[in-house]
Amino acid sequence: MDNQYYAGIDLGGTSIKMGICSPDGQIICEREQATPQGHYENVLEAFQQMLHQLLAEAELSPKDLAGVGVGVPALLDVEQGNVYEIVNLGWKNVPLKAELEKRLGLPSYVDNDANTAALGEMWQGAGKCSRHLICITVGTGIGGGLIINGDIYHGALGLAGEIGHMTIRPEGGLLCNCGKPGCLETETSATAIAYYGRKAVDEQQETRLTQTLKQQGVITAKDVIDAARSGDVVSVKILHHVGYYLGLALAQMSNVLNPEKIVIGGGVSKAGDFFLEPIRENFIKYALNKVSETTDIVPATLGNKAGWLGAAWLVHRNSRPGQNGGK
Ligand code: BGC
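Quick summary incoming for the structure in this document. (Residues numbered from 1 in each chain as written. Predicted model: local features only at pLDDT ≥ 70, side-chain atom pairs only at ≥ 80, totals over all residues. Heavy atoms only, no water.)

### What to know about the pattern of salt bridges
- Using the criterion set out here, one finds 14 salt bridges in the structure.
- Taking the shortest distance from any N to any O, the salt bridge between R31 and E57 comes out at 3.5 Å. Residue R31 is found in strand β3 (residues 27–34), and its partner E57 is found in helix α1 (residues 40–58); the two are separated by 26 residues along the sequence.
- In this structure E57 comes out as partly exposed when scored by relative accessible area, which is 48%.
- Residues E101 and K97 are paired through a salt bridge, measuring 3.2 Å at the closest nitrogen-oxygen approach. Taken as a pair, E101 and K97 lie in helix α2 (residues 96–104) at a separation of four residues, close to a single helical turn. (Salt bridge = Lys/Arg side-chain N within 4 Å of Asp/Glu carboxyl O. Helix = DSSP H or I, 4+ residues; strand = E, 2+ residues; numbered from the N terminus. Buried < 20%, exposed > 50% of the residue type's maximum accessible area, 1.4 Å probe, protein only.)

### Regarding the packing of aromatic side chains
- Scanning the model with the defined rule gives five aromatic pairs in all.
- Between the aromatic rings of Y40 and W91, the centroid separation amounts to 5.8 Å while the plane-to-plane angle is 55°, which identifies the pairing as tilted. Placement of the pair is Y40 in helix α1 and W91 in strand β7 (residues 91–94), with a sequence separation of 51 residues. Of the two residues examined, Y40 and W91, each falls in the buried class. (Phe/Tyr/Trp six-rings, centres within 6.5 Å; stacked < 30°, edge-to-face > 60°.)

### A look at the site of the ligand
- Taken together, the neighbourhood of the ligand is formed by N112, D113, A114, I142, G143, E162, H165 and E185.
- A distance of 3.3 Å is found between an oxygen atom of the ligand and a side-chain nitrogen or oxygen belonging to N112.
- One of the side-chain nitrogen or oxygen atoms of D113 is found 2.9 Å away from an oxygen atom of the ligand.
- Within the complex, 75% of the 310 Å² of free accessible area of the ligand lies under protein.
- Within the residue set of the shell around the ligand, elements represented by two or more residues are α3 (113–124) and β10 (142–148). (Near = heavy atom within 4 Å. Polar contact = N/O pair within 3.5 Å; in protein donor to acceptor, adjacent residues only side chain to side chain. Areas by Shrake-Rupley, 256 points an atom, 1.4 Å probe, with all protein chains shown as cover.)

### A short note on the packing of helix α5 (residues 190–202) against helix α6 (residues 209–216)
- One way to put it is that α5 packs onto α6 with a least axis distance of 9 Å and a crossing angle of 100°. Comparing the axis directions of α5 and α6 gives the class roughly perpendicular. Residue-level contacts link G197, R198 and V201 of α5 to L209, T210 and L213 of α6.
- Among the residues forming the contact of α5 with α6, the class breakdown is three nonpolar, two polar and one charged. (Axes fitted to C-alpha atoms, helices over the stretch in contact; angles between N-to-C directions. Parallel < 35°, antiparallel > 145°, perpendicular 65-115°, else oblique. Contact = heavy atoms within 4.5 Å. Nonpolar A, V, L, I, M, F, W, Y, C, P; charged D, E, K, R; others polar.)

### Some details on the environment of A126
- Residue placement: A126 occurs in the loop between α3 and β9 (133–138).
- Separated by 90 residues in sequence, A126 and P36 place their C-alpha atoms 31 Å apart.
- In contact with A126, not counting residues within four places along its chain, are E121, K261, V263, V298, P299, A300 and T301.

### Details of the pairing of β10
- For β10, a buried count of six out of seven residues is recorded, marking the element as mostly surrounded by other parts of the structure.
- Pairing analysis gives six bridges linking β9 to β10, with the strands arranged antiparallel. Across the sheet, L133 pairs through a bridge with I147, a residue of β10.
- The loop that links β9 with its antiparallel partner β10 comprises three residues. (Pairing = 2+ DSSP bridges.)

### Regarding the sheet that holds strand β4 (residues 65–72)
- Strand order in this open sheet of five strands is β3-β2-β1-β4-β8, and the pairing throughout is mixed. Edge positions in the sheet fall to β3 and β8 (108–112), since each of these pairs with one other strand and no more. With direction set aside, neighbouring strand axes in the sheet form an average angle of 15°.
- As paired strands, strand β1 (residues 5–11) and strand β2 (residues 15–21) are joined by six bridges and run antiparallel to one another. Bridge assignment links I9 to a residue of β2, and that residue is M18.
- Strands in contact with α1 are β1, β2, β3 and β4; relative to β3, the strand with the most contacts, it is inclined by about 145°.
- Lying on the sheet, α3 is in contact with β1, β2, β4 and β8; it crosses β8 at an angle near 105°.

### Brief notes about the nonpolar core
- Counting 43 residues, the largest nonpolar core has I264 and F275 as its most contacted members.
- The element that contributes the greatest number of residues to this core is helix α8 (residues 233–257), accounting for 11 residues.
- Not counting chain neighbours up to four residues away, the residues in contact with F275 comprise V138, I193, L239, V242, L246, V268 and S269.
- Of all hydrophobic cores here, the second largest spans 36 residues; its members include C29, L51, V83 and L106. (Core = buried A, V, L, I, M, F, W, Y, C linked by side-chain atoms within 4.5 Å.)

So this is what it looks like as structure tokens:
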């Protein structure tokens, strides 16, 4: 039977992840390769090649695909599939959907990377069977996807879900890349955790991160988490700082949106409960009691498959209108 599989792509600043899945989300095959730099045509070329390789590996032909979905780390016009800007790749005003359809000859759908990760987790991951989810990714930045009634909430212009740019520390907060002070991203992202680790060393606080910096020349978020796990008081304090702001932000969002679950993904979430516990404590402190009692905060389970699977779900949604949702 034709048109029965979906292709999904997760375009990141450093790598492209692509896969093919069945209509019930079973992974047929997947690949990952470095993101070509320079003109956006180079990326489209890579998409085309990767898709050919995947189709060959799965012994499928393009007519077996119902379409292709793509998640991009950008603000974009979801309806038209036009990307306004991808800062990390130097793209500006790219008509991505039109370009993909021309090149691949398949119906194509485009959304923000954190939105597709949220859809992936709803479809096949930690949010399976939930219709109301808040998903955040804690990585270089803080990404957010709001799932309401089994689909992404885009807002008026497609800009909804920019959780990382909630102003959480209006006084004394650091300046964010977005140009505003005190964003959640500047206090709680992997970049922020590494920054606070380095700051502690520079201030000559007593911490084993001093040794790490000497050995590696750099401090990462993982180093801070590892040090905290082994009892380093300064690192534990940094994770409490992060837990305070994430817990506070998620409590406020949950009082407004009343999700079933909050799914926390991104590289940092791999630290599991050790990272999640301070978030949960502050969530319970600030959310309405009924909200905190009925909202689970759980780690994402799909790792780096969430983005491309969620992008494939965009095809699923468009080929089976009226049957969307994580059920
Ligand atoms: C951007 C989001 C993106 C997130 C993670 C944030 O700084 O504003 O659009 O999803 O980083 O990549």
